[in-house]
Structures are given as C-alpha cells and as structure tokens.
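Here's the letter readout for the chains.
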Amino acid sequence: VGHPELCSKPCLYFAMGECDNGESCEFCHMAHPKRPAHLDKRHREMLRSMAPSEWAALVMPILQKKIEALDDSLETRAIFGDIASGFGIPSGSMVSSMPQRSQRMLILTLRSMCLKSLLAAVQRGLSQCSQGVDEAVDVLLQHLRKLTGQAAEPIAQRLQQL
C-alpha cells in the first residue's frame, strides 16, 4: 500500500519467486530500487550539528511537498501542520552555517528519500526538541496509509507525474 512512498521493505522471498504468504505478507511485493536513498554518516552528522529549527526548516518543505503529492486534503494538511507547528520554523530562508555544497548534497539526498524514510528521520532527529512529534508522525502515517488503501490508483498516478 502506498508504493513506493509508504510501503515496507521489499519481500526477499517474492523476489526469488518463493513467497508463500501472498496477501498476508507484511513486505512489499512490488519492484524497488536496488539501494534506496538514505542518510549516510556524513549527512547524519551534519543534521546533528544543526539547531533543531534549522534542521526543521531544511526538512519540512521537502516533507510537505511529498505529503501533498500523496494527498492535498485539508485533513492531511492539518495533521502535517501539527508536526510543523511544534518546531517554530521562522518564515523565510534560514542561513545555514554549513558550506553551500554540503547543504545542496544533503537536500538532494532528502528529496530522493521515500516519504516513510523521511518521516522516520524526522522522528529520530526532531523528537527530542518537540513533544508529540512521534505521535503526530504516527498519526500522519496511519492517515496516509488509510488513504492509499482506499485509492491506490490515483495516488500512484500522481507520484508518477512528479
């Protein structure tokens, strides 16, 4: 459900043609890239060295764009707003202390990550600075999974257009 933005890891048995679990399998039976985008050690260190508001100002616009690609409803926007409001992100662009090239590379990596991985990074990276982030991210994931289960075709088409 929600492939590739929200799905779980690929089923190794299905790839070999041997998955006996069928529909009850908890892993994805669709094609995945060989190696999904992820934050490497250098990226994680850069994020850790940033102030939480700077971190959030960098990640939240990317997260918002990915979420809006899946569902642009008022309910989804409100749930995302609950996450974003906890960080007090100032309007306008933030000036980062990291070199521009490093920041560009980090942004490219964040953009190439699937929504589920990006949300997990937000939970890990920002949960210490704002209460309720874990719960808000979980609510958002459950909401989007429910939507993708009801309307998988239109969402898949919207993602292909990005």
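Anyway, here's the lowdown on the structure attached to this text.

Calculation criteria
Residues numbered from 1 in each chain as written. Predicted model: local features only at pLDDT ≥ 70, side-chain atom pairs only at ≥ 80, totals over all residues. Heavy atoms only, no water. Helix = DSSP H or I, 4+ residues; strand = E, 2+ residues; numbered from the N terminus. Contact = heavy atoms within 4.5 Å. Salt bridge = Lys/Arg side-chain N within 4 Å of Asp/Glu carboxyl O. Buried < 20%, exposed > 50% of the residue type's maximum accessible area, 1.4 Å probe, protein only. Expected span 1.5 Å × (residues − 1). Bend = angle between axes of the 7 residues up to and from the residue. Core = buried A, V, L, I, M, F, W, Y, C linked by side-chain atoms within 4.5 Å. Disulfide = S-S within 2.5 Å. Axes fitted to C-alpha atoms, helices over the stretch in contact; angles between N-to-C directions. Parallel < 35°, antiparallel > 145°, perpendicular 65-115°, else oblique. Left-handed = near helix turned anticlockwise from the far one by under 90°. Nonpolar A, V, L, I, M, F, W, Y, C, P; charged D, E, K, R; others polar.

Its location among the elements puts His 143 in helix 7 (residues 133–150). Apart from residues lying up to four places away in sequence, His 143 is in contact with Asp 71, Ser 73, Glu 75, Thr 76 and Ile 79.

Across all of its chains, the model carries two salt bridges by this definition. Arg 42 is the partner of Asp 40 in a salt bridge, and the nearest nitrogen-oxygen pair spans 4.0 Å. Asp 40 gets classed as partly exposed once you look at its relative accessible area, which sits at 26%. On the accessibility criterion, Arg 42 (49% relative accessible area) is partly exposed.

Taking 1.5 Å of rise per residue, the 19 residues of helix 3 (residues 52–70) would be expected to cover 27 Å, and the 26 Å separating its terminal C-alpha atoms lies within 8% of that figure. The largest bend along helix 3 measures about 30° and falls at Val 59, with the proline Pro 61 one to four residues further on.

Position of Leu 12 among the secondary structure elements: in helix 1 (residues 12–15). The spatial distance from the C-alpha of Leu 12 to the C-alpha of Cys 28 is 9.0 Å, given a sequence separation of 16 residues.

As a further point, take the side chain of Thr 109. With respect to the helices, strands and loops of the structure, Thr 109 is situated in helix 5 (residues 100–112). Contact partners of Thr 109, with chain neighbours within four places excluded, come to Ala 37, His 38, Leu 39 and His 43.

A separate point is the nonpolar core. Within the largest apolar cluster, 34 residues are counted, with the highest numbers of intra-cluster contacts made by Leu 63, Leu 110, Leu 115, Val 122 and Leu 144. Elements that contribute at least two residues to this core include exactly helix 2 (41–49), helix 3, helix 4 (74–85), helix 5, helix 6 (115–126) and helix 7. Looking at which element gives the most residues to this core, the answer is helix 3, with nine residues.

The next thing to look at is the state of the cysteines. Two cysteines joined by a covalent bond between their sulfur atoms form a disulfide. Enumeration according to the criterion identifies zero disulfides in this entry. Counting only cysteine sulfurs, Cys 11 is the nearest neighbor of Cys 19, a cysteine outside any disulfide, at a range of 3.8 Å.

Attention now moves to the packing of helix 3 against helix 5. Interhelical geometry of helix 3 versus helix 5 gives an angle of 30° and a closest axis separation of 10 Å. On the basis of the axis angle, helix 3 is roughly parallel to helix 5. For the pair helix 3 and helix 5, the crossing hand works out as right-handed. On helix 5, the residues that touch Leu 58, Val 59, Ile 62 and Lys 66 of helix 3 are Gln 103, Leu 106, Ile 107, Leu 110 and Arg 111. Across the contact of helix 3 with helix 5, the residue classes break down as six nonpolar, one polar and two charged.

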